[in-house]
Amino acid sequence: MINFPWMSRSGTCILVGVTWLMSSLGLAAQTTDGVSEKDFLDEMPIILSVSRLPQRLDETPGAVTILDRDFIRSSGARDVADLLRLVPGFQSSTSFEADAPQASYHGVYGYYSTRIQVLVDGRSVYSNYLAGSVAPGLMMVMLDDVERIEVLRGSNSVAYGARAMLGVVNIVTRHSADTLGPRAALTRGENGIQDTQLGLGWRTDHSGMRLSIDERADDGLSGAHGHNRVQRVNFRSDWQVSERSEVQLHAGWMNMASGKGFADKPGQDFRDTTFENKFVQMDWKEVLSQDQDLVLGFAHNQETYRDVITIPFSPPWYRVTLDGSGTASNSSLTAQHTLRLNPALRMVWGAEFRRESVTSRPFFNTTEALVDNFMRVFGHAEWRLRPDLLLNAGAMAERSSGSGSSLAPRLMLNWHVTPQQTLRAGMSRSFRPPSTYERRANVRYSAYNQITKVNDLLDVRILARGNVQRESVLTRELGYLGTFPRLKSTLDVRLYDESFSGLIGGVPYISQIDGKDYRVSDYVNAEDFSIRGLELQWTGQPWSGAKLGFNQTFSRMVFSQAPSTTGLLASMPESTSTLFLTQQLPSGLQLSISHQYSEPLWVQKSGPSRDHGEGLRQYINRTDWRLSKSLRFGQRAGELALMVQNQGHAYADFAKEFLFKRRAFVTLRIDN
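Residues numbered from 1 in each chain as written. Predicted model: local features only at pLDDT ≥ 70, side-chain atom pairs only at ≥ 80, totals over all residues. Heavy atoms only, no water.

### Details of the overall build of the protein chain
This is how it is decided: What counts as a helix is a DSSP run of H or I of at least four residues, what counts as a strand is a run of E of at least two, and both are numbered from the N terminus. Based on C-alpha atoms, the radius of gyration is set beside the globule rule, defined as 2.2 Å times the residue count to the power 0.38. Exposure classes here rest on a 1.4 Å probe applied to the protein chains alone. A residue is buried below 20% of its type maximum, exposed above 50%, and partly exposed in between. Residue contacts are defined here by distance: any two heavy atoms, one from each residue, within 4.5 Å place the two residues in contact. Only the protein chains shown count as cover for residues, and the accessible areas themselves come from Shrake-Rupley with a 1.4 Å probe.
When helices and strands are counted, the protein chain shows nine helices and 37 strands. On C-alpha atoms alone, the protein chain measures out to a radius of gyration of 25 Å, which is about the 26 Å that the 2.2 N^0.38 rule sets for 672 residues. For the protein chain, the spread of C-alpha atoms along the three principal axes comes to 85 × 60 × 55 Å. With 672 residues in all, the protein chain has 56% of them scored as buried. Relative to all contacts within the protein chain whose residues are 6 or more apart in sequence, the contacts with residues 24 or more apart total 61%. For the protein chain, the computed accessible surface area is about 28600 Å², with 56% contributed by carbon and sulfur atoms.

If you want it as structure tokens, here you go:
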């Protein structure tokens, strides 16, 4: 028998009560700007990021969650990671301790989120310095510049390469034509929250441009060495070169400064760290004919990371410096050709060359740049076998200079049982190559000896032997997408089996260096297991002026033999529930309430290990609410909003000492 533990939780009971009260009082009858039935019955959304072909939501080869501008605004979230916790199957953290607030899909397998691909306007933004973490990429743009976020829940290496092993998050920013004139927002509140946003858009004869500058700052989690600050500058230009050609230019800079460390853990002391990112991206699109277009893209990204700890020491060393600093860069060149061969068949094919470079003496015991080159060739076809039957088939061949070749295929069949009811079934295989760090890490601690005048080797922590191979996942899934116009609702269900092979993890071993034994760690292909589960996503408009959403997930890990660590079993919750309500009220008021309940998930820094035993497993029971009032400033719109996050008990985030407590803040916004 399936239990729904959220039904007994106070936060959701309050939410259900408010929902019933609004319905019974007939508040919808008093509002004049609610969502109409016509709005709901508009065309099915077009998805851009699943197969690289623009497709209707009911024809994509996978389950997709769309977070649009209205949802982003009404959620009250301050960053993308906090938004993704409301997507079925996702886990998120607000901590800056590892790198930045992060999100992962179907499991938190370590300190970093490395098994999903994050795109910003089609540009891959994972950090090749931080072992492929997507957390810094999730912070690249302020939410006010985002048009929508498309989340494919499932493997997609066939379209975007090895890093898309468990899914893709595509952040689509607003067109410059939609952000003309000045914009500003100011947020102040508890926990030292101080956010400031400024934007300016302008237009010439054939192009539009936007410049956005913002800062996001707070004191971090309670118990952590907080004072986190993110500063960003983003520029976008859309240039219509001719009737058939357009050029899109993006450039930006981000600096994250955060406090990290623990007061009682030597070697992990309090310190301040910085992560700087600079990028440029240019995409040229040429319409070749009514049935063909060509896109050429170039992107370059530069990272600089600084993390230094100085520890007082006894003679003859006096002090020891622990350094995790370094630099990284990546460049990519992509060509993509889309064509319609006949009324029933269209396809996209292309190639990408990507170069990644990492330089860090502390991480790799060398000052040389470690370079990895990727060559990718991809193709995808959408074949309408008959009016109600659509076949999606594709593959990507990828070669890495560091980890060899792989082929990621996908086959998915979509059957429109009726115009509003679609079933899908298919399978895919995806890979993730080991990062440069997992293949070549050589982390040593040395100190300058004042007597001998040489550096003494004190300890060796990680010594990778380079024997690790790609990990892979074979995904089988069944899905259903239904729209119910009379009920003004949609239902998406995904039933999946994800079989992992050779999941990469750390193992200890004894290594002899200069005649002395050291207990070090290496990265190896360790576990084979499966994740089986169900994800349900329902959205609807039960009465005028309201939007109601409900997500439910169930998952279970299956092992052919006992796992080597209990941490893997606790790396994802067996059940999560999310309820979200937005209600338009009279006089330009809007109320939004969300509740999230999650079964236990191990806390990353306090997870199972030699030091922590079985580790700390944390329930999440969080209720947020937001009340906003629309304003007018002459010809411009505005908003004043009060947001309260986690109206309830604090919960541990990343470490057992770090608590996410209630936060209340106010935002004043002037829109264009």
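Don't stop here, the text continues.
### Regarding the side chain of Ser245
Of note, Ser245 is situated in strand β14 (residues 245–260). Excluding residues that lie within four positions of it along the chain, Ser245 makes contacts with Trp239, Gln240, Trp284, Lys285 and Glu286.

### Digging into the environment of Phe96
As for its placement among the helices and strands, Phe96 is situated in the loop between β4 (90–93) and β5 (102–105). Taking relative accessible area as the criterion, Phe96 reaches 3% and is therefore assigned buried. Those residues in contact with Phe96 that sit more than four places away from it in its chain are Pro101, Met139, Arg216, Asn228, Val230, Met256, Ser258 and Lys260.

### Some points on the nonpolar core
Using the following cut-off: Among the buried residues, those of types Ala, Val, Leu, Ile, Met, Phe, Trp, Tyr and Cys that are joined through side-chain atoms within 4.5 Å form a nonpolar core.
Leu84, Phe90, Ile149, Val169, Ile171, Phe500 and Phe529 are the most contacted members of the largest nonpolar core, which totals 64 residues. By residue number, the principal contributor to this core is helix α4 (residues 80–84), which donates four residues. Excluding its chain neighbours within four sequence positions, the residues that come into contact with Phe500 are Tyr109, Met165, Leu166, Ser472, Val473, Glu527, Asp528, Phe529 and Ile531. Of all hydrophobic cores here, the second largest spans nine residues; its members include Ala98, Leu221, Phe654 and Ala655.

### Notes on a nonpolar patch on the surface
The test is simple: Patch definition: residues with relative accessible area over 30% and no salt bridge; like charges joined within 9 Å; nonpolar side chains (Val, Leu, Ile, Met, Phe, Trp, Tyr) joined within 5 Å. Salt bridge, as applied in this entry: a Lys or Arg side-chain nitrogen positioned within 4 Å of an Asp or Glu carboxyl oxygen.
A contiguous nonpolar surface patch, about 510 Å² in accessible area, is contributed by Leu627, Phe633, Leu640, Leu642, Val666, Leu668 and Ile670. Contributing elements (two or more residues each) for the nonpolar patch: β33 (617–633), β34 (636–645) and β37 (663–670). No other element matches the three residues that β37 contributes to the nonpolar patch. In this fold, Val666 is placed in strand β37.

### Side note on the pattern of salt bridges
Applying the stated criterion to the full structure yields 47 salt bridges. With its nearest N and O atoms 3.1 Å apart, the salt bridge here joins Glu59 to Arg384. In this pair, Glu59 is assigned in the loop between β2 (55–56) and β3 (63–68) and Arg384 in strand β21 (residues 370–386), connecting sequence segments 325 residues apart. Of the residues examined, Glu59 reaches a relative accessible area of 9% and is grouped as buried. What makes Arg384 partly exposed here is its relative accessible area of 26%. With a shortest N-O distance of 3.7 Å, Arg424 and Asp492 are connected by a salt bridge. Remark: Asp492 occurs in strand β28 (residues 489–513) and Arg424 occurs in strand β24 (residues 421–432); sequence separation between them is 68 residues. For the pair shown, Arg424 and Asp492 are each scored as buried.

### Let's talk about the confidence of the model for the protein chain
Let me state the cut-off plainly: pLDDT runs from 0 to 100 and stands for how confident the predictor is about each residue.
The share of residues in the protein chain with pLDDT of 70 or more is 92%, and the mean pLDDT across the chain is 90. Confidence drops under pLDDT 50 across residues 1–42; counting only partners more than four residues distant or on other chains, this segment forms 59 contacts.

### Some words on the side chain of Gln421
The following threshold applies: Definition of a polar contact: a pair of N or O atoms within 3.5 Å, with one able to donate and the other able to accept a hydrogen when the atoms are protein atoms, and with sequence-neighbouring residues admitted only if both atoms are side-chain atoms.
Its place among the elements puts Gln421 in strand β24. By relative accessible area, which is 16% here, Gln421 ends up buried. At 3.3 Å, the side chain of Gln421 and the backbone oxygen of Thr483 are in polar contact. What Gln421 contacts, discounting residues up to four positions off in sequence, is Trp415, His416, Tyr480, Leu481, Gly482, Thr483 and Phe484.

### Things to note about the packing of aromatic side chains
Cut-off, in case you're wondering: Aromatic rings from Phe, Tyr and Trp, with only the six-membered ring used for Trp, were paired whenever their centres fell within 6.5 Å, and each pair was classed as stacked if the ring planes differed by under 30 degrees, edge-to-face if by over 60, and tilted otherwise. The criterion is that NZ of a Lys, or CZ of an Arg, lies within 6 Å of the ring centre and within 35 degrees of the ring normal, and then a charge sits over that ring.
Enumeration according to the criterion identifies 18 aromatic pairs in this entry. Seen from their ring centres, Tyr109 and Phe529 are 6.4 Å apart, and the 65° between their planes marks the pair as edge-to-face. With Tyr109 in the loop between β5 and β6 (117–120) and Phe529 in strand β29 (residues 516–540), this pair connects stretches of sequence that are 420 residues apart. For Phe529, a relative accessible area of 3% gives the class buried. Ring plane angle 70° and centroid distance 5.2 Å describe the contact between Phe363 and Tyr437, whose orientation is recorded as edge-to-face. Note that Phe363 is positioned in helix α7 (residues 361–364) and Tyr437 in helix α8 (residues 436–440), a separation of 74 residues in sequence. No difference in accessibility class separates Phe363 from Tyr437, as the two residues are buried. Taken together, the aromatic side chains of Tyr129, Phe275, Tyr305, Phe363, Phe364, Tyr437 and Tyr523 make up a single cluster linked through ring pairs. If you follow Arg163 out to its NZ or CZ, it ends over the ring of Tyr126, 5.0 Å from the centre.

### Details of the pairing of strand β27 (residues 471–484)
Residues in a regular strand project their side chains so that they alternate between the two faces of the sheet. How we decide: The pairing criterion is simple: DSSP has to find at least two bridges between the two strands.
Within β27, eleven of the 14 residues are buried, which leaves it mostly tucked inside the rest of the structure. In this structure, β24 lies alongside β27, joined through twelve bridges in antiparallel fashion. From the neighbouring strand, Arg424 faces β27, where its bridge partner is Gly479. Pairing of β27 with β28, which is carried by 13 bridges, proceeds in the antiparallel orientation. Looking across to β28, one finds that Ser472 is bridged to Ser501. Linkage of β27 to β28, two consecutive antiparallel strands, is achieved through a turn of four residues, within which Lys488 is found at a positive phi near 50°.

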